[in-house]
Amino acid sequence: MMIIITGTPGTGKTSVTESLKEDFDAEYISINSLLEDYDLNLGIDEKRGYKIVDTEKMIPIVDQIKKESEKDVIIFEGHLAQDYPNADLVIVLRCNPDVLKKRLSTRNWKDAKIHENVSAEILGICTEESYELYGDNVQEIETSDKTIDNLKNDIIEIVYGKKTYPLGQIDYLSEYFHLI
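1. Observations regarding the overall build of the protein
Phase 1: Scanning the protein from terminus to terminus reveals eight helices and seven strands.
Phase 2: By its C-alpha atoms, the protein is 45 × 40 × 30 Å across when sized along the principal axes.
Phase 3: Relative to its 180 residues, the protein shows a buried fraction of 47%.
Phase 4: A sequence separation of at least 24 residues applies to 78% of the contacts in the protein between residues at least 6 apart.
Phase 5: Taken as a whole, the protein presents about 9,700 Å² of accessible surface, with 47% of it coming from carbon and sulfur.
Phase 6: When the 20 basic and 35 acidic side-chain charges of the protein are each reduced to a single mean position, those positions are 4 Å apart.

2. Re the nonpolar core
Phase 1: Ranked by internal contacts, the top residues of the largest apolar core, which has 22 residues, are Leu 34 and Phe 76.
Phase 2: Those elements that place two or more of their residues in this core are β1 (2–7), α2 (31–37), α3 (55–68), β5 (74–77), β6 (89–94) and α6 (125–134).
Phase 3: With four residues, α3 is the largest single contributor of residues to this core.
Phase 4: In this structure, Ile 3, Leu 93, Ile 158 and Val 159 belong to the second largest nonpolar core, which totals 19 residues.

3. As for the packing of aromatic side chains
Phase 1: Under the counting rule described, the total for this entry stands at two aromatic pairs.
Phase 2: Judged by centre distance (6.1 Å) and plane angle (80°), the rings of Phe 76 and Tyr 84 are edge-to-face.
Phase 3: Residue classification places Tyr 84 among the buried residues on the basis of a relative accessible area of 0%.
Phase 4: In this structure, Lys 113 packs its charged tip against the face of Trp 109, placed 4.1 Å from the ring centre.

4. Points about α6
Phase 1: Turning to α6, its buried residues number three or more, namely Cys 126, Thr 127, Ser 130 and Tyr 134. Buried residues of α6 fall within an arc of 95° about the axis and therefore sit on the same side.
Phase 2: Check the buried side of α6 and you find it contacts β1, β6 and β7 (138–142).
Phase 3: Positive phi shows up at Gly 135, right after α6, with a value of about 55°.

5. Some details on the state of the cysteines
Phase 1: The tally for this structure, following the rule as stated, stands at zero disulfides.
Phase 2: No disulfide involves Cys 95; its nearest neighbouring cysteine sulfur is the one of Cys 126, lying 12 Å away.
Phase 3: Assessed through its relative accessible area of 0%, Cys 95 is described here as buried.

6. Considering the pairing of β6
Consecutive residues of a regular strand have side chains that alternate between opposite faces of the sheet.
Phase 1: By the criterion of burial, β6 is predominantly enclosed, with six of the six residues buried.
Phase 2: Neither face of β6 is exposed, since Leu 89, Ile 91 and Leu 93 on one face and Val 90, Val 92 and Arg 94 on the opposite face are all buried.
Phase 3: Where β1 meets β6, five bridges bridge the pair, whose relative direction is parallel. From the neighbouring strand, Thr 6 faces β6, where its bridge partner is Val 92.

7. Comments concerning the environment of Lys 102
Phase 1: Turning to its location among the elements, Lys 102 is positioned in helix α4 (residues 97–105).
Phase 2: Remark: the alpha-carbon pair of Lys 102 and Asp 171, spanning 69 residues in sequence, is separated by 19 Å.

8. What about α3?
An α-helical turn contains 3.6 residues, so any two residues separated by three or four positions project in the same direction.
Phase 1: Here α3 is 14 residues long and its end C-alpha atoms lie 20 Å apart, about the 20 Å a rise of 1.5 Å per residue gives.
Phase 2: Burial in α3 covers these residues: Met 58, Ile 61, Val 62 and Ile 65. Down the axis of α3, the buried side of the element spans an arc of 100°, and every buried residue falls inside it. Seen from the open side of α3, the exposed residues pointing more than 90 degrees away from its buried face are Glu 56 and Lys 67.
Phase 3: As for α3, its buried residues are in contact with β1, β2 (27–30), α2 and β5.
Phase 4: Sitting at the amino-terminal end of α3 is Asp 54, which places a side-chain oxygen 3.3 Å from the backbone nitrogen of Glu 56.

What counts and what doesn't
Residues numbered from 1 in each chain as written. Predicted model: local features only at pLDDT ≥ 70, side-chain atom pairs only at ≥ 80, totals over all residues. Heavy atoms only, no water. Helix = DSSP H or I, 4+ residues; strand = E, 2+ residues; numbered from the N terminus. Buried < 20%, exposed > 50% of the residue type's maximum accessible area, 1.4 Å probe, protein only. Contact = heavy atoms within 4.5 Å. Areas by Shrake-Rupley, 256 points an atom, 1.4 Å probe, with all protein chains shown as cover. Lys, Arg positive; Asp, Glu negative; His and termini not counted. Charge placed at Lys NZ, Arg CZ, Asp CG, Glu CD. Core = buried A, V, L, I, M, F, W, Y, C linked by side-chain atoms within 4.5 Å. Phe/Tyr/Trp six-rings, centres within 6.5 Å; stacked < 30°, edge-to-face > 60°. Lys NZ or Arg CZ within 6 Å of the ring centre and 35° of its normal. Arc of directions from axis to C-beta. Disulfide = S-S within 2.5 Å. Pairing = 2+ DSSP bridges. Expected span 1.5 Å × (residues − 1). Polar contact = N/O pair within 3.5 Å; in protein donor to acceptor, adjacent residues only side chain to side chain.

Next comes the structure, spelled out in structure tokens:
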């Protein structure tokens, strides 16, 4: 089973994935590691300060890792992981825009980059992109008030079919649209 954990920066992807590694036996792939290990960096978006990821080059690399893995579960984590088209399940982590702004403000990012990410969260961009490729195989978890352990347990329960977090339960647009 191939699972993607994606979401806007600051929603908890990396933290929960690191926690999952402690007690959930799976193969773990990080888009940040792929970026470095396989030279997927196409440069820097000067306006936004982002590394530009070669997602077309990424796909066969992830396919190969998936093929060679001896694990029953593979977890692919990262902001652009939803661009990988061959997963079984996508979990989008979502965060209240006010909480997200506080989290991102602790990073050494320009205000414009923080604003862009908060706007993307309000609009549900990662959810939309995931749904376009995966349809109903996408679930969303609200992370604003969850501990990493709670979030980890939710993900494990999703994997084992004990819990679901269907799309459409999280909507920040009506409350926060005026901030964009």
